[in-house]
Amino acid sequence: MKYVSIFVVIILSMNFLFPSAKEAMDKDINFEKLKKNAPKIFIDCNRCDIDYIRENISFVNYVTEVKDAQIYLLITSLRTGSGGNEYTLEFSGYKEYKGIDDKLKYISHQSDTDDEIRKGLVKTIKLGLIRYIKDSELAEFINISFTKKLDPTKTEDKWKNWVFNLSLNGWFNGEEFYNSKNLRYSASADRVTPESRVRIRLNSSNYTSTYTIDEEEIKSVSKSRSASVTYVKSLGDHWSIGGYFNIYSSTYRNIDMEFRLSPTIEYNIFPYSDATKKQFRFQYSLGYKNVRYKEETIYNIMEETLYFQQLSASLELKQKWGSIDTSLSGFSYLHDLSKYSVKIRSRISWRIIKGLSFDISGGYSLIHDQLYLPKGELTPEEIFLHVSAMQTSYDIWFSAGISLTFGSVYNNVVNPRFGY
């Protein structure tokens, strides 16, 4: 035992005095230089947890300007039929990595938490970065492992691609002389396949507000109900055909019950497979509706059958210089083309120069199709409480902003203190 004890002491002393091979190797490596020479990446994603990505992918350098990047990563998403999201990650190589491009997909499920989604995105980003670091000094410190054992299985979906959702929301606000409450409920069912899409929606809203003025109580009640069915059939990479069926009622719009049927055709200049990055869609509808009003309209009508048409163009682009989301639509009744409306809506985010970006959004509606307006003048209380739509020839809204970012091009450090 005496010799064993001496042997143990010698071994421990050697481990203390002479570091292991790995420790010795680590001392010989200039990790600061290694990190400095790591690929520089710019991540373009509006709804990503960038701090979490930086914390969990530390073998690259994060830059704040596209021009400083060697890797440009664009992350976009589309809603899936199951209620989740399909994320498209497009890697573009710059400078030393020019020509090394890749596209990966990550699909989240409706039941996934935010933490599960960001973990899935981090895993996918790591997979995409392997092409850029496989020949670098960093590759020596990258380990790849497979954590699951897979057996060939056949998946059978008992729901046949249908996804259902139910929601109920209540809201209440009260003061000494005022209170309001709003109750909303909705139900939906979706079935999405590569060949077709079916969407069913049910919605109900009840809004009540009460004012007490000089001990007199003034109450406003607004109700709306709607049910809709949308069907879309794929016709190749650019064409789609389908239609809408709607049932609608609204006290605000003086509509007791409205039935609407709208056969529709759509053409997308870009392939639908590029939808997360670019879309330029033209849509035309030719429809019919029967309307029963709650009160007699300004045209002395309580019920009528109408035919209409609608044409719209929508452009959505997500590029390295920024993004555009704009649409223009026109609507008219066929029995009287002077009864029409035109709407334009647009949002543009543009990177002008280094660190400088400009954002603008707005919308304008030219309105000449308010056939539902009730006969007679509104009372001051009805105008004040905004319980009924009023005659107008237009509607407009606008916002703009500018932002400037400057300083260090590197942004690898994460510090979440004070919620930042």
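Here, the structure is the one placed above.
Residues numbered from 1 in each chain as written. Predicted model: local features only at pLDDT ≥ 70, side-chain atom pairs only at ≥ 80, totals over all residues. Heavy atoms only, no water.

Colleague: Run through the overall build of the protein chain, naming residues and quoting values.
Modeller: On a plain count of helices and strands, the protein chain comes out with six helices and 17 strands. Restricting to contacts in the protein chain with at least 6 residues of sequence separation, those with at least 24 account for 54%. Total accessible area on the protein chain is roughly 27700 Å²; 57% of this is exposed by carbon and sulfur atoms. (Helix = DSSP H or I, 4+ residues; strand = E, 2+ residues; numbered from the N terminus. Contact = heavy atoms within 4.5 Å. Areas by Shrake-Rupley, 256 points an atom, 1.4 Å probe, with all protein chains shown as cover.)

Colleague: I'd like a rundown of the state of the cysteines, residues and numbers included.
Modeller: Enumeration according to the criterion identifies one disulfide in this entry. Each sulfur of the disulfide joining C45 and C48 lies 1.9 Å from the other. Between C45 and C48 the sulfur-sulfur dihedral comes to about 70 degrees; the bridge is accordingly right-handed. Each member of the pair, C45 as well as C48, is classed as buried. (Disulfide = S-S within 2.5 Å. Buried < 20%, exposed > 50% of the residue type's maximum accessible area, 1.4 Å probe, protein only.)

Colleague: Hey, could you go over helix α5 (residues 114-133) for me, with residue numbers and the actual values?
Modeller: Look at α5: 28 Å from first C-alpha to last across 20 residues, which is about the 28 Å you get at 1.5 Å a residue. Along α5, the residues classified as buried are I117, G120, L121, V122, T124, I125, G128, L129, Y132 and I133. Looking at the buried residues of α5, the elements they touch are β1 (40-44), α4 (50-56), β3 (71-79), β4 (85-93) and β5 (102-108). (Expected span 1.5 Å × (residues − 1).)

Colleague: Before we move on, could you go through the nonpolar core and cite the residues and values that matter?
Modeller: In this structure, I57, I75, L89 and L129 are the most contacted members of the largest nonpolar core, which totals 28 residues. Of all the elements in the fold, those that place two or more residues in this core are β1, α4, β3, β4 and α5. Ranked by the residues each element gives to this core, the list is headed by α5, at seven residues. Every residue in contact with I75, bar those within four places of it in the chain, is listed here: I43, D44, C45, C48, Y87, T88, L89, L121 and I125. (Core = buried A, V, L, I, M, F, W, Y, C linked by side-chain atoms within 4.5 Å.)

Colleague: Talk me through the environment of I344; I want residue IDs and the actual numbers.
Modeller: As for its position among the elements, I344 is in strand β15 (residues 340-353). Contact partners of I344, with chain neighbours within four places excluded, come to S327, L328, G362, G363 and Y364.

Colleague: So what's going on with the sheet that holds strand β16 (residues 356-367)? Residues and values would help.
Modeller: With respect to topology, twelve strands assemble into an open sheet ordered β6-β7-β8-β9-β10-β11-β12-β13-β14-β15-β16-β17, the strand pairing being antiparallel. A strand with exactly one partner marks an edge of an open sheet, and here the two such strands are β6 (162-174) and β17 (394-404). Across the sheet, the mean angle separating the axes of adjacent strands is 10 degrees when strand polarity is ignored. Pairing geometry for strand β11 (residues 255-268) and strand β12 (residues 278-293), over eleven bridges, is antiparallel. Counterpart to M257 in the pairing with β12 is R292. (Pairing = 2+ DSSP bridges. Axes fitted to C-alpha atoms, helices over the stretch in contact; angles between N-to-C directions.)

Colleague: Kindly report on the side chain of D190, identifying the contributing residues and their values.
Modeller: Mapping D190 onto the fold places it in strand β7 (residues 178-192). Under the relative-accessibility criterion, D190 is labelled buried at 9%. For D190, the side chain forms a polar contact with the side chain of R199, separated by 3.4 Å. Setting aside residues up to four positions removed in sequence, D190 forms contacts with G81, N161, W162, V163, R197, V198, R199 and R201. (Polar contact = N/O pair within 3.5 Å; in protein donor to acceptor, adjacent residues only side chain to side chain.)

Colleague: Pulling in residues and values, what's your account of the pattern of salt bridges?
Modeller: Scanning the model with the defined rule gives 16 salt bridges in all. Here D115 and R118 are joined by a salt bridge, their closest N and O atoms 3.0 Å apart. You can see D115 and its partner R118 sitting in helix α5, three residues apart, about one turn around the helix. In this structure R118 comes out as partly exposed when scored by relative accessible area, which is 28%. Here E258 makes a salt bridge to K289, at a shortest N to O gap of 3.7 Å. (Salt bridge = Lys/Arg side-chain N within 4 Å of Asp/Glu carboxyl O.)

Colleague: Run through the packing of aromatic side chains, naming residues and quoting values.
Modeller: The final tally for this structure, using the stated rule, is 13 aromatic pairs. Between Y97 and Y132, the ring centres sit 5.5 Å apart and the planes meet at 85 degrees, which makes this aromatic pair edge-to-face. Residue Y97 is located in the loop between β4 and β5, and its partner Y132 is located in helix α5; the two are separated by 35 residues in the primary sequence. On the accessibility criterion, Y97 (14% relative accessible area) is buried. Classification of Y132 as buried rests on a relative accessible area of 3%. Taken together, the ring pairs connect F42, Y72 and Y94 into an aromatic cluster. Across the ring face of F308, the terminal group of R260 is positioned such that the distance to the ring centre comes to 4.9 Å. (Phe/Tyr/Trp six-rings, centres within 6.5 Å; stacked < 30°, edge-to-face > 60°. Lys NZ or Arg CZ within 6 Å of the ring centre and 35° of its normal.)

Colleague: For the side chain of S205, give the residues involved together with the corresponding values.
Modeller: Relative to the elements of secondary structure, S205 occurs in strand β8 (residues 196-213). What makes S205 buried here is its relative accessible area of 15%. When near neighbours in sequence (up to four residues on either side) are disregarded, S205 contacts N182, L183, R184, S222, K223, S224 and R225.

Colleague: Please give an account of the pairing of β3 that cites residues and values.
Modeller: Moving residue by residue along a regular strand, the side chains alternate between the two faces of the sheet. Where β1 meets β3, four bridges bridge the pair, whose relative direction is parallel. Within β3, the residue paired with I41 across the bridge is I71. In terms of strand pairing, β3 meets β4 through nine bridges, oriented antiparallel. Bridge pairing links R79 to N85 in β4. In textbook terms, the turn of a hairpin is the stretch between consecutive antiparallel strands, and for β3 and β4 this stretch comprises five residues, one of which, G83, has a positive phi near 95 degrees.

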